Amino acid sequence: MTVYSLFITCPRGLEAPLTQELDSMACQDIRAVDGGVACKGTMEQVYRINLHSRVASRVLLRLTKGGYRNEHDIYKLARNLHWTGWFKLEQTFKVKVEGKRANVKSLDFVGLKIKDAVCDAFRDIYDARPSVGKINPDIRIHAFIDERNVEIFIDTSGEALFKRGYRQDTGEAPLRENLAAGLLLLAGYDGTQPFQDPFCGSGTITVEAAWIATHRAPGLMRRFGFEKLQNFDKEKWQALRREAEKQIKPAVAPISGSDNDRYMIRAALANAQAAEVDNFIRFDVQDAQTARPNGEHGIMISNPPYGVRLAEVQALQALYPQLGTWLKQYYAGWLVGMFTGDRDMPKFMRLSPKRKIPLFNGNLDCRLFLMDMVKGSNRG
């Protein structure tokens, strides 16, 4: 059984829940770094991580690591790899290079050198070269370069893992599915608590909550990059899928989402139907402050609107004290999580967060504020 060095990428700030997931799948030598987690695992574990991880973005399998002095060293490293053992001549491929303090003239040039190395490896054997596929390539190759070393990976995920396959309509600024799942896991949501999102938009957080509650593997609706690799074990993969399907069970606690935009609730319902959890979620068109708890000791996770322009910021900051009052009045005993780019939100709500977790929504520096609601828990 070959054990590979893996690097699993994730949104920055979600390294801890990703580490727990990898631990639960019995991966070895788990080590979190900024933006991902390195570990060791077999091909079966690669399949499992792709199928079951709620917060991973990509599962990269390392083919080689070595030092370099110049671009030609990187070419040689890539040229020595057994590419024909990984994919076929007819398949298309694409190379992506990222660097941190890399000692090279240009990352694009390094990408070209690796592409040449792959093509030369095929040309030696078949006297022909595989084609580069800019859009939807069969095989994705990733390289990471720092000051001294280069690592070359094959991407076993294909499309990024946040693309679950249920999203019909996303509205303006949708939260990525793996980030939404990460917020829930950071708050300790496991499906046994009542759940609510009073700013649910197109429903991503509520759908991810329903998938956690029903024990549904997030990869069941999609295809993966590893299915196109030469060493793909179809029987093992189908067995893992069947095992995951058997684990699905009905939700035990209520899940609800609401938004004051009728169009968004329609989109949320369409997404929940596509995700096959619409019968576990109640959606309402209503103002946030009209929402009431759907049970005791629940969890609320929300990504409320936050302003970018000054006028928007001022309008929202006028609303925050009202939200704080509403939460204290009705949601005593609940854990409330607000995910926002506005650092001052708890101050304006007059609430003290017990945890402030730094996270990134794309390039936006955000915080998840977790607050235990106590009746009349006013800060002075």
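Along each chain, residue indices are assigned from 1 in the same order as the chain's sequence is written. It should be noted that, the model being predicted, local features are given only for residues of pLDDT at least 70 and side-chain atom pairs only at 80 or more, the latter also being counted only at that level, while totals for whole chains, interfaces and linings use all residues. To obtain the side-chain values, all non-hydrogen atoms of the structure were included, while hydrogens and water were left out.

1. Considerations on the overall build of the chain
Heads up, the rule is: Labels follow the DSSP assignment, with helices taken as runs of H or I lasting at least four residues and strands as runs of E lasting at least two, numbered in each case from the N terminus. This radius of gyration counts C-alpha atoms alone. The globule rule is 2.2 Å times how many residues there are, raised to the power 0.38. Exposure categories follow from relative accessible area, calculated using a 1.4 Å probe and restricted to protein chains: below 20% of the type maximum is buried, above 50% is exposed, and the middle band is partly exposed. When checking whether two residues touch, look at their non-hydrogen atoms; a contact exists if any pair is within 4.5 Å. Computed with a 1.4 Å probe, the accessible areas rest on the Shrake-Rupley method; for each residue, only the protein chains presented here act as cover. Under this rule, positive means Lys or Arg and negative means Asp or Glu; His and the chain ends count for nothing. For the purpose of locating charges, the reference atoms are NZ of Lys, CZ of Arg, CG of Asp and CD of Glu.
Counting secondary structure elements, the chain contains 10 helices and 14 strands. Relative to its length of 380 residues, the chain is compact, with a C-alpha radius of gyration of 23 Å against a globular reference of 21 Å. Overall, the chain is about 75 × 45 × 40 Å in size when its C-alpha atoms are taken along their principal axes. Residues classed as buried in the chain amount to 52% of the 380 residues present. Once local pairs closer than 6 in sequence are excluded, the contacts in the chain between residues at least 24 apart make up 77%. As displayed, the chain offers around 17,800 Å² of accessible surface, 47% of which is attributable to carbon and sulfur atoms. Each charge class in the chain can be summarised by its mean position, and for the 53 positive and 44 negative side chains these summaries are 2 Å apart.

2. As for the sheet that holds strand 4 (residues 58–67)
As a reminder of what qualifies: Here, any two strands with at least 2 DSSP bridges between them count as paired. Here an angle of 0 to 180 degrees is reported between the N-to-C directions of two axes, which are lines fitted to C-alpha atoms, with helices fitted over the stretch in contact.
The mixed open sheet is built from seven strands, whose spatial order is 2-3-1-4-7-6-5. Each edge of the open sheet is held by one strand with a lone partner, namely strand 2 (28–33) and strand 5 (93–99). Each strand of the sheet is rotated relative to its neighbour by a mean of 25°, with strand direction disregarded. Summarising the sheet, strand 4 and strand 7 (residues 149–155) pair through seven bridges and their orientation is antiparallel. Bridging from a neighbouring strand, G67 pairs with N149 of strand 7. In the packing of helix 2 (residues 43–52) onto the sheet, the strands contacted are strand 1 (4–9), strand 3 (36–41) and strand 4, and the crossing angle to strand 4 comes to about 135°. The sheet contacts of helix 4 (residues 107–126) involve strand 5, strand 6 (139–145) and strand 7, and relative to strand 5 the element is tilted by about 145°.

3. Let's talk about the sheet that holds strand 12 (residues 335–340)
Strand order in this open sheet of seven strands is 10-9-8-11-12-14-13, and the pairing throughout is mixed. Looking at the sheet topology across the chains shown, the edges are occupied by strand 10 (281–285) and strand 13 (355–361). Taking each pair of neighbouring strands and ignoring which way they run, the sheet shows an average axis angle of 20°. Along the sheet, helix 5 (residues 177–186) makes contact with strand 8 (195–197), strand 11 (299–302), strand 12, strand 13 and strand 14 (364–372), crossing strand 13 at roughly 170°. Seen against the sheet, helix 6 (residues 204–213) touches strand 8, strand 9 (255–259), strand 10 and strand 11 and runs at an angle of roughly 175° to strand 9.

4. Focus on the UniProt feature "domain: THUMP" (unreviewed entry) in the chain
Let me state the cut-off plainly: UniProt positions are given in the numbering used here, feature names are shortened, and annotations may be inferred rather than shown by experiment.
Under the UniProt annotation, "domain: THUMP" (unreviewed entry) lies at residues 45–156. Regarding residues 45–156, the helix share stands at 33% and the strand share at 28%, and the terminal C-alpha atoms are separated by 11 Å.

5. Describing the packing of aromatic side chains
Worth spelling out the cut-off: The rule is short: rings of Phe, Tyr and Trp, with Trp giving its six-membered ring, pair when the centres are within 6.5 Å, and they are stacked under 30 degrees, edge-to-face over 60, tilted in between. For a lysine, the NZ atom is tested; for an arginine, the CZ atom; a charge sits over a ring if that atom is within 6 Å of the ring centre and within 35 degrees of the ring normal.
All told, the structure shown has 18 aromatic pairs when counted by the stated rule. With a centroid separation of 6.1 Å and an interplanar angle of 25°, the aromatic rings of F122 and Y126 are classed as stacked. Of this pair, F122 and Y126 both sit in helix 4, four residues apart, which is roughly one turn of the helix. Overall, the relative accessible area of 0% leaves F122 in the buried class. By relative accessible area, Y126 is classed as partly exposed at 44%. With 5.4 Å between their ring centres and 55° between their planes, Y189 and F195 make a pair best called tilted. Judged by relative accessible area, Y189 falls into the buried class, the value being 2%. Classification of F195 as buried rests on a relative accessible area of 0%. It is R12 that lies over the ring of F360; its NZ or CZ is 3.7 Å from the centre.

6. Observations regarding the pairing of strand 11
Consecutive residues of a regular strand have side chains that alternate between opposite faces of the sheet. Here strand 11 shows no split at all, with I299 and I301 on one side and M300 and S302 on the other all buried. Sheet topology note: the strand 11/strand 12 ladder contains four bridges and is parallel. In the strand pairing of strand 12, I299 is matched with L335.

7. Observations regarding the side chain of E21
Here is the rule: By convention in these notes, a salt bridge is any Lys or Arg side-chain nitrogen within 4 Å of a carboxyl oxygen on Asp or Glu.
Tracing the chain through its elements places E21 in helix 1 (residues 15–24). Despite its burial, E21 remains without a salt bridge, the nearest opposite charge being carried by R54 at 5.3 Å. In contact with E21, not counting residues within four places along its chain, are H52, S53, R54, V55, A56 and L185.

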